[in-house]
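Below, each chain spelled out in residue letters.
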Amino acid sequence: MSVRLWRFNGGVHPPQHKAESTTEALRAARLPKRLILPLHQHIGEAAEPVVNIGDTVLKGQLIARAKGYVSAAVHAPSSGTVSDIGDYPVPHPSGMSASCIVIQTDGEDRWGERPDYGDYTQIDPSHLRNMIRDAGIVGLGGAGFPSFIKLNPGSRKHIDTLILNGVECEPYITCDDMLMRERPREIIAGIRIMQHALHARECLIAVEDNKPAAYRIMCEAIAKEAGIRVALCPTIYPQGSEKQLIKVLTGKESPSNGLPIDIGVVLHNVGTAYAVHRAIQHGEPLISRTVTVTGGAVAQPRNVDVLFGTPVIDLLDECGADLGQADRLLMGGPMMGFALHSMNVPVIKTTNCVLATTPAQTPAPRDALPCIRCGACMDACPVHLLPQQLYWHAHAKEFDKTQTYNLFDCIECGCCAYVCPSQIPLVQYYRYAKAEIWAQERDKEKADLARKRHDFRQERIEREKAERAARLHKKKTETVTADKTEAKPSAGDEPKAAILAAIERAKAKREAAATAAESSEEKPGQPPDGGT
Amino acid sequence: MPLHTPTSPHIHSGITVTTVMLRVLLALVPGIAAYIWLFGTGVLINIVLAMVFALGAEAVMLKLRGRPLLPFLTDGSVVVTAVLFALTLPPLAPWWLSFLGILFAVVIGKHLFGGLGHNPFNPAMLGYVMLLISFPREMTMWAPPLSLATHPLAFADTLAYVFLGHLPDALSLDAVTMATPLDHVKTEVSRSHEISAVMSGSPLFGTLAGTGWEWLGLAYLAGGLWLIKKRIIGWQIPAAMLGALALMAAIFYAVDNARYASPLFHLLSGGALLGAFFIATDPVTAATTPRGRLYYGAGIGVLVYVIRTWGGYPDAVAFAVLLMNIAAPTIDHYTQPRVFGHRKD
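Residues numbered from 1 in each chain as written. Chains lettered and ligands numbered in written order. Predicted model: local features only at pLDDT ≥ 70, side-chain atom pairs only at ≥ 80, totals over all residues. Heavy atoms only, no water.

Draft legend 1. Representation of the domain arrangement of chain B within the structure. All names here are of chain B. Assigned domains of chain B: these are domain 1 (16-178) and domain 2 (183-335). For domain 1 versus domain 2, the distance between C-alpha centres works out to 21 Å. Contact with domain 1, which involves 33 residues of that partner, is made by 27 residues of domain 2. Taking both sides of the interface into account, the surface hidden between domain 1 and domain 2 amounts to around 2600 Å²; carbon and sulfur atoms contribute 83%. Joining domain 1 to domain 2, the criterion identifies zero salt bridges. The interface formed by domain 1 and domain 2 includes two residue pairs in polar contact (both at pLDDT 80 or more). The set of elements that each furnish at least two residues to the side of domain 1 that touches domain 2 consists of α1 (17-39), α4 (77-88) and α6 (123-134). (Domains from an automatic or database assignment. Contact = heavy atoms within 4.5 Å. Buried area = accessible area lost by both parts, 1.4 Å probe. Salt bridge = Lys/Arg side-chain N within 4 Å of Asp/Glu carboxyl O. Polar contact = N/O pair within 3.5 Å; in protein donor to acceptor, adjacent residues only side chain to side chain. Helix = DSSP H or I, 4+ residues; strand = E, 2+ residues; numbered from the N terminus.)

Draft legend 2. Local environment of unusual backbone geometry. Here the amide bond leading from Tyr237 of chain A into Pro238 of chain A is cis, since omega sits at 0°, within 30 degrees of zero. Within the element layout of this structure, Pro238 of chain A appears in the loop between β11 (228-233) and α5 (242-250). Backbone torsion omega between Ser8 of chain B and Pro9 of chain B reads -5°, so that peptide bond is classified as cis. Mapped onto the fold, Pro9 of chain B is located in the segment before α1. Despite not being glycine, Gln423 of chain A has its phi angle at roughly 50°, a positive value. When you line up the elements, Gln423 of chain A lands in the loop between α11 (415-419) and α12 (426-485).

Draft legend 3. Layout of the nonpolar core. Formed by 90 residues in total, the largest nonpolar core has its most connected members in Leu28, Leu87, Tyr220, Phe278, Tyr296 and Ile300 of chain B. The dominant element in this core, judged by the number of residues it contributes, is α1 of chain B, at 11 residues. The two domains that each donate at least three residues to this core are domain 1 (16-178) and domain 2 (183-335) of chain B. When residues no more than four places from it in sequence are discounted, the contact partners of Phe278 of chain B are Val24, Ala27, Leu28, Leu84, Tyr220, Gly223, Gly224 and Leu227 of chain B. With 85 residues, the next largest nonpolar core counts Ile159, Ile188, Val293 and Val312 of chain A among its residues. (Core = buried A, V, L, I, M, F, W, Y, C linked by side-chain atoms within 4.5 Å. Buried < 20%, exposed > 50% of the residue type's maximum accessible area, 1.4 Å probe, protein only.)

Draft legend 4. Structural view of the sheet that holds strand β7 (residues 80-89) of chain A. Residue and element names in this part refer to chain A. A sheet is described by the order of its strands in space; here four strands give the open sequence β2-β8-β7-β4, paired in antiparallel fashion. At either margin of the open sheet sits one strand with a lone partner, and together these are β2 (34-38) and β4 (56-57). Two strands pair when backbone bridges link them, and β7 and strand β8 (residues 97-105) are joined in this way by nine bridges, in the antiparallel orientation. In the sheet register, Asp84 faces β8, and the bridge partner there is Val102. (Pairing = 2+ DSSP bridges.)

Draft legend 5. Spotlight on the domain arrangement of chain A. Residue and element names in this part refer to chain A. Entries for chain A in the domain assignment read domain 1 (27-353) and domain 2 (365-483). Taken over C-alpha atoms, the centre of domain 1 sits 35 Å from the centre of domain 2. Roughly 610 Å² is buried in total at the junction of domain 1 and domain 2, and carbon and sulfur atoms are behind 60% of that figure. For the domain 1 face of the interface with domain 2, the top three residues by lost area are Gln244, Met335 and Met336, together amounting to 56%. If you look at where domain 1 meets domain 2, you find zero salt bridges. By residue class, the composition of the side of domain 1 that touches domain 2 is four nonpolar, three polar and no charged. (Nonpolar A, V, L, I, M, F, W, Y, C, P; charged D, E, K, R; others polar.)

Encoded structure:
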């Protein structure tokens, strides 16, 4: 049964370069001597270590627990000893270092306890989500959002469509392609678990038509499965982007400031489905993933199952990369991936590709010419923004105007910069504008807080002053009256005067209450109309 | 090994400003070829002169503005300006006409506003309009199609006229020039002659519109369609401009076909087709949003008809384009497309 498809605006067709890395079968990468596990491999809070330096750990053992709701646990990918907990370079566009747990592997790759959960259909969905959360599973398509959150139908009883993203629209990357070709049954087992958790009515698996083998194999695998269909989508970048793919498959646009679940759709990557299957039916937490190692500087481009924490340099060595030939080393694809500052950074949960390109594959751009307003960027924008206007205002630092042109709807897919005849690094301008706006907002928040504190302090000072003045005034009048009856308190003995004044006030109150009670002949403590 | 760390995207389509401009020039080849075939070699001299002057003016201005020469001289934009400007000149134009027009276009029209990408007005049209206002006689001396010429000029004769102002012996300027079809119709209608009579009674008019002009128009159309197919220009501006022009013409033609020319005549005469595909679509000065391009093109089409029919000039593409250039930023402002995931409002 063919699936009806819709279109989104724009998109581009960069050269694919997918064939290079799909000639060899998927296999496990070599076990490295040292695994470096960042505590922050996902969207949300960093995990919290639960091991200490010197501890021995088993494969699959929890080494850092999730902190807060949006977070993910980290497990030991192999057995060994925790040799350090500290800052190491991590995969990040800035080249920064961050907290990592380092495991010296013992070469035995000994598993810890792998729980047997039995038949998942007997498990309550909320319990199932906790299990998926405990397994440290995050979206493996690239964003790394904790998956259990996206397996919660929330206030809905059920969702309409579960979409499995096997589009893989970025050039060079083939890890999902190979996974679909080699492990279709496991992916479908994972889909069934997700459907159970979400109460999803139907499931669509999306595959681009540049992956005919994966499409055929997935079709065969679902032949006897009810409620799952495979959609063959014409290849176009960025079709694999969540909101764009949902539009293609359902014709619905998830709202700009909302989530796909608002329109009854949930989308997961095929790799995530595989990970869910391993976690629920084999008791294995997320400790490895499929990674494409490719690019002109790699002699044997291929896909490998890589343990998290494996240094990128080890992978490149294993695939025969000649880094002398490499122009740049990317994590991710050429459209949205970022250049690595170090080859010692580890593979993490969101690493789908390690790409070592030659200068011919990623030529240095020429100096940008001025924008000629040709609108090629607008025609390519999958969000239907006006990139030329955004650029204009970002360039002029008119950040409020960039927001009226919906800067924050930009998904940074790079289509605009890819087609720009003036070769303006447009995405860089948008990132800059966003960062500036965030900085301004932070500054504003700080200023607001400071102003609030200042106002509060001013108010307190005023109040204290008024109180003091009132007390002083009272004291004065009281001392005048007290002069006649009592000894005058020594001047400047304010506390004493205040105490005396308070005693006076209390006395006066008591007397007033007593006279009132007497005059109305009621017992104190009773309501005024209690006796009648 | 120190790693090279630029930001994404790391690849580019390879289509640059130079590619765009070269394709525009390539698309003009059929038009230029038809022009030479139908009207003689004068246009070729105009093109070469305009290109030389334009590159010179561009280089001087870049130097004065302290900009690098090579990237801007090779971007092709000034060559396109020069060729479009040359195509709007009469085939018999003295060299100083090209010189003044280009100087105005490049220096004032382009560089005083900030150079490539910053000019609010189409430079070629600014140059043309300046000449039309300042030198109306020289700018309206059109050579007739070769098929109608009583004294067709040889290449050497044309060259001599362009540079020295000499015509071969015993020839006056009137003998080698003739009114354009648009001009002729305008004059005759003002004398209360019926258009059908005017058109059937003059060799100036061919099968579809003006003799020669009709084929020139069709050659521009072919080049323009190729540009749309190559996605160098969008379809919106040409379609809207020609559509609006045809619609205006059709309405008045239906009302009174004795005084108003047919839509086909309007489409195939003067600068309509050159303007629709090559001038109104100048990206820098046109509206850029999809809907905005429709309004912008339609505005030009309507203005062309209005000025041609009731204005003081026989053709009006340049005026119409410049007038709509002023409106382009406002049109863009009010025609932003609905962003993905935003509600229709």
